[in-house]
Amino acid sequence: MRGGWDLSDKARALVHVVEDDAAVARLISSTLERFGYRSAVFPTGGEFLRQLRTQAPDLAILDLGLPDMDGMEVLQQLRSRHRFGLLIATGRDDTHDRVMGLELGADDYVVKPFEPRELIARVRSILRRYQPEPATGAQPPDTAHFAGWTFERATHRLVSPEGVEDTLSLAESQLLIAFLERPNQILSREQLLAGRDVCALDRSIDLRVSRLRKRFEQGGHSGKFIKTVYGAGYLLAATVSWS
């Protein structure tokens, strides 16, 4: 134990810090290393993206105000090719930036200045979402069938009733699996966020549900089987079978 945290689960996870402010980068890097993580600092988006050709991290902490390119562009490029944890840490506190960052696939968003322990809590939470499921003797069913759609748990592949294929992000897949495992049940925001604390200002789950609905609406389909139950949460109104 160090600083009240158990370091055994992700003690050697590699975190890339994409930050052009040297003082802020040192603070984040030293905090990560103090809690047992490895870190590498990249002052530009270009350097970070080039590094991904040879080594991807377990998680990246991305500033939006980079000197060579906008952080949203970096986010868009990496999400089209890579699947690892992503935390936006920026001085921008505009709601539009928060919404866009989550829409483009960020796992979380924190505004500077922030407490080091808050940063570590968010890092730990994201890393847990990307941790592989422990091997067991019996594997859960892999493919879900619902409302004419097919979803493959292992590959995140979503197939429309007409056979059009799409690949969901990890966050979208986790959300859809939560619905598919408990169809026709009202799920609260806390349940859909897998235990993360939810406050009145944290609407990230609403944004993710909206993004998932848009996946189903492509090609003239309707995503209305994901229903909003006002004051309670969300519900998948469909019969689900697994194979």
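Scroll up a little and you will see the structure.
Within each chain, residues carry numbers counting from 1 in the order of the written sequence. Selection of residues for local features in this predicted model requires a pLDDT of at least 70, selection of side-chain atom pairs for listing and counting requires 80 or more, and totals for whole chains, interfaces and linings are taken over all residues. Each side-chain value is worked out from all heavy atoms of the structure, with water and hydrogens disregarded.

Only DSSP runs of H or I covering at least 4 residues are called helices, and only runs of E covering at least 2 are called strands; the numbering of each starts at the N terminus. A count of helices and strands for the protein chain gives eight helices and 12 strands. Burial status across the protein chain gives 48% buried among its 243 residues. Sequence separation of 24 or more characterises 62% of the internal contacts of the protein chain that already satisfy a separation of 6 or more. Accessible surface, the protein chain: about 12100 Å² in total, of which carbon and sulfur atoms supply 51%. Whether a residue is buried, partly exposed or exposed follows from its accessible area with a 1.4 Å probe, protein chains only, as a fraction of its type maximum: under 20%, in between, or over 50%, in that order. Any two residues whose heavy atoms approach within 4.5 Å at even a single point are treated as in contact. In short, Shrake-Rupley with a 1.4 Å probe defines the accessible areas, and a residue's cover is counted only from the protein chains shown.

Read across the sheet, five strands follow the order E9-E8-E7-E6-E12 without closing on themselves; strand pairing throughout is antiparallel. Both edges of this open sheet fall to strand E9 (165-167) and strand E12 (240-242), since each of them pairs with a single strand only. Within this sheet the neighbouring strands show an average axis-to-axis angle of 20°, counted without direction. Two strands make a pair as long as DSSP finds a minimum of two bridges between them. Strand direction decides the pairing type here: strand E8 (residues 157-159) and E9, joined by three bridges, are antiparallel. Paired with Leu158 across the bridge in E9 is Asp166. Here helix H6 (residues 170-181) sits on the sheet in contact with strand E6 (143-146), strand E7 (149-152), E8 and E12, set at roughly 115° to E7. Note on method: axes are straight lines fitted to C-alpha atoms, helices fitted across the in-contact stretch only, with angles between N-to-C directions ranging 0 to 180 degrees.

Here the nonpolar core consists of buried residues drawn from Ala, Val, Leu, Ile, Met, Phe, Trp, Tyr and Cys, with membership extended through side-chain atoms lying within 4.5 Å. Of all hydrophobic cores here, the largest spans 25 residues; its most connected members are Phe146, Leu176, Phe179 and Phe216. Considering each element in turn, this core owes the most residues, six residues, to H6. The contacts of Leu176, once residues within four sequence positions are left out, are Phe146, Phe151, Leu158, Leu168, Leu212 and Phe216.

With that settled, consider the pattern of salt bridges. Salt bridge, as used here, is a side-chain nitrogen of Lys or Arg placed within 4 Å of a carboxyl oxygen of Asp or Glu. A complete count under the given rule lists 13 salt bridges for this structure. Here Asp108 and Arg122 are joined by a salt bridge, their closest N and O atoms 2.9 Å apart. Placement of Asp108 in strand E5 (residues 108-111) and of Arg122 in helix H5 (residues 116-130) is noted, with a sequence separation of 14 residues between them. Arg122 is the partner of Glu118 in a salt bridge, and the nearest nitrogen-oxygen pair spans 3.0 Å. Placement of the pair is Glu118 and Arg122 together in helix H5, with a separation of four residues, close to one helical turn. Note on Arg122: relative accessible area 21%, which makes it partly exposed. Taken together, the salt bridges that share partners define one network made up of Asp166, Glu172, Arg211 and Arg215.

Geometry only, nothing functional implied.
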